[in-house]
Structures are given as structure tokens and as C-alpha cells.
Amino acid sequence: GDSVTQMEGPVTLSEEAFLTINCTYTATGYPSLFWYVQYPGEGLQLLLKATKADDKGSNKGFEATYRKETTSFHLEKGSVQVSDSAVYFCALSAQEGNTPLVFGKGTRLSVIA
Amino acid sequence: SAVISQKPSRDICQRGTSLTIQCQVDSQVTMMFWYRQQPGQSLTLIATANQGSEATYESGFVIDKFPISRPNLTFSTLTVSNMSPEDSSIYLCSVEVRVGYGYTFGSGTRLTVV
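Criteria and thresholds
Residues numbered from 1 in each chain as written. Chains lettered and ligands numbered in written order. Predicted model: local features only at pLDDT ≥ 70, side-chain atom pairs only at ≥ 80, totals over all residues. Heavy atoms only, no water. Helix = DSSP H or I, 4+ residues; strand = E, 2+ residues; numbered from the N terminus. Rg over C-alpha atoms; globule rule 2.2 N^0.38 Å. Buried < 20%, exposed > 50% of the residue type's maximum accessible area, 1.4 Å probe, protein only. Pairing = 2+ DSSP bridges. Axes fitted to C-alpha atoms, helices over the stretch in contact; angles between N-to-C directions. Contact = heavy atoms within 4.5 Å. Buried area = accessible area lost by both parts, 1.4 Å probe. Salt bridge = Lys/Arg side-chain N within 4 Å of Asp/Glu carboxyl O. Polar contact = N/O pair within 3.5 Å; in protein donor to acceptor, adjacent residues only side chain to side chain.

## Brief notes about the overall build of chain B
Thinking step 1. Each helix and strand counted, chain B has zero helices and eleven strands in total.
Thinking step 2. When the helices and strands of chain B are placed in sequence order, the string is β-β-β-β-β-β-β-β-β-β-β.
Thinking step 3. For 114 residues, the compact-globule estimate of 2.2 N^0.38 gives 13 Å, and chain B sits close to it at 13 Å.
Thinking step 4. When its C-alpha atoms are laid out on the principal axes, chain B stretches across 40 × 25 × 25 Å.
Thinking step 5. The buried share of chain B, taken over its 114 residues, is 51%.

Shown next as C-alpha cells:
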């Protein structure tokens, strides 16, 4: 079945450091890919998405590019802030829709001032 | 995107009792998805609820333990039955309003069983 593998955390960075969280997937067909963020004590929020190969999703300074050739969707940010401290989940859904999200294990990011 | 109202937001329950969690969506959706997030873990799909038919459960989850109702296209409930401390988790509902545009999640129900 479909699956998502993302780098295990926790990741601790200093403010203004560059962030990469790796995510690779296994899926039949052409899934949609997502990054969700969960801030401490809060629910899940959609951070960004990409629905086809070479699409780049971006939001709040975060970016991820849908790479079909490497089945990857790595999350990047050029300069992290303390407020970015959260758990980040990579996820996919089958292209045809009405199917549940498949999540990676999540990566906890802590940014220190 | 859709807005989901989920309640209760948290509860502390005695073992052996049951808790029903409600999710109300502000638009009609075909499928609603129920997830469990155990402490420090990722989200695990419990079941998919389609209006007018029985829910489809994932491996490791059974209807007797997690009965689901889906009476219409905007509402669903998940009951956690005969609870034990191992059921202490966050339970979330989710919908996909439009294919490829992302999924919206309820704010979650933080359940503690004592």
C-alpha cells in the first residue's frame, strides 16, 4: 500500500538556520502530496501542497517540490524562527480523491533563539 | 476550505465507560475520516465514514469498540467504547471538500482514560 517516510526527529536548530525535512513516498499512480504542521497543543493545519510532478508548494516561507523521479517532497525553509517550532507531517492522498491521507511519522522541530 | 466543529475538545473518563465525539462540517462532504493520534505519535486512520452506509474500518479497529454514525452529509460521531487507559489519545475527524485541495481537520478531542 501507499506509504510516507520522513526523517525522524527531533531536529533542533538555531534561529535563522536553514531547514530541510526529508520526505519520500511510495504510491501507485500520482498522489497529491501535503505538509501539515501541528503547533504545541493545537490541531493540524495544512502548510502546503502539490498535486502533480514539478509543482512547488509554498507558504509562510516554507517550500516543497513534488519530485516524481525521486518520489520525494522535501520541506525547506531558508531562515527558521522560534515560532516555527512544531511537529511537521508529510502526507499523501490518492489522486482520485475521497481517500484518506497517509501520514509520515512526523518530525519535531525546535528552534532556539 | 471547510470548517469543522469538533467536540468535546477534551475529556477525562473512567475506564469501562464510553465517550461520543461529534464532528459537524459547514459543507456537505461525501467521506469523513476518523484518526487517532497517540501521545507523541503520528495519525492513524481508524475508519472512513460514508453517509448512508456502514463505516469502513482499518486493520486493528473494530466497530464494537469504535462505532461510527454518519446520519447526513455534514455530521458524524465516533464513540470510544469500554475505554481503557490505552485509549488515551487525541481523536480527530477530517474531510476533503475538494479533490487535491487538501484536507481539513477538526481541532481534536484529547481523551484521557483513568
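So much for the structure itself; the text now carries on.
## Re the sheet that holds strand S8 (residues 62–65) of chain A
Residue and element names in this part refer to chain A.
Thinking step 1. Here four strands make up an open sheet; going across it, the order is S3-S9-S8-S7 and the pairing antiparallel. Each end of this open sheet is capped by a strand with a single partner; those strands are strand S3 (19–21) and strand S7 (56–59). Adjacent strand axes in the sheet meet at a mean angle of 15°, parallel and antiparallel pairs treated alike.

## Describing the interface of chain A and chain B
Thinking step 1. With 22 residues of chain A in contact, the opposing surface of chain B contributes 19 residues.
Thinking step 2. When the buried area of chain A at its contact with chain B is split by residue, Leu 44, Asn 98 and Pro 100 of chain A rank highest and sum to 32% of it.
Thinking step 3. The interface formed by chain A and chain B holds zero salt bridges in total.
Thinking step 4. Taken together, the links from chain A to chain B amount to five residue pairs in polar contact (both at pLDDT 80 or more).
Thinking step 5. Top contributing element to the side of chain A that touches chain B by residue count: strand S5 (residues 32–38) of chain A, with four residues.

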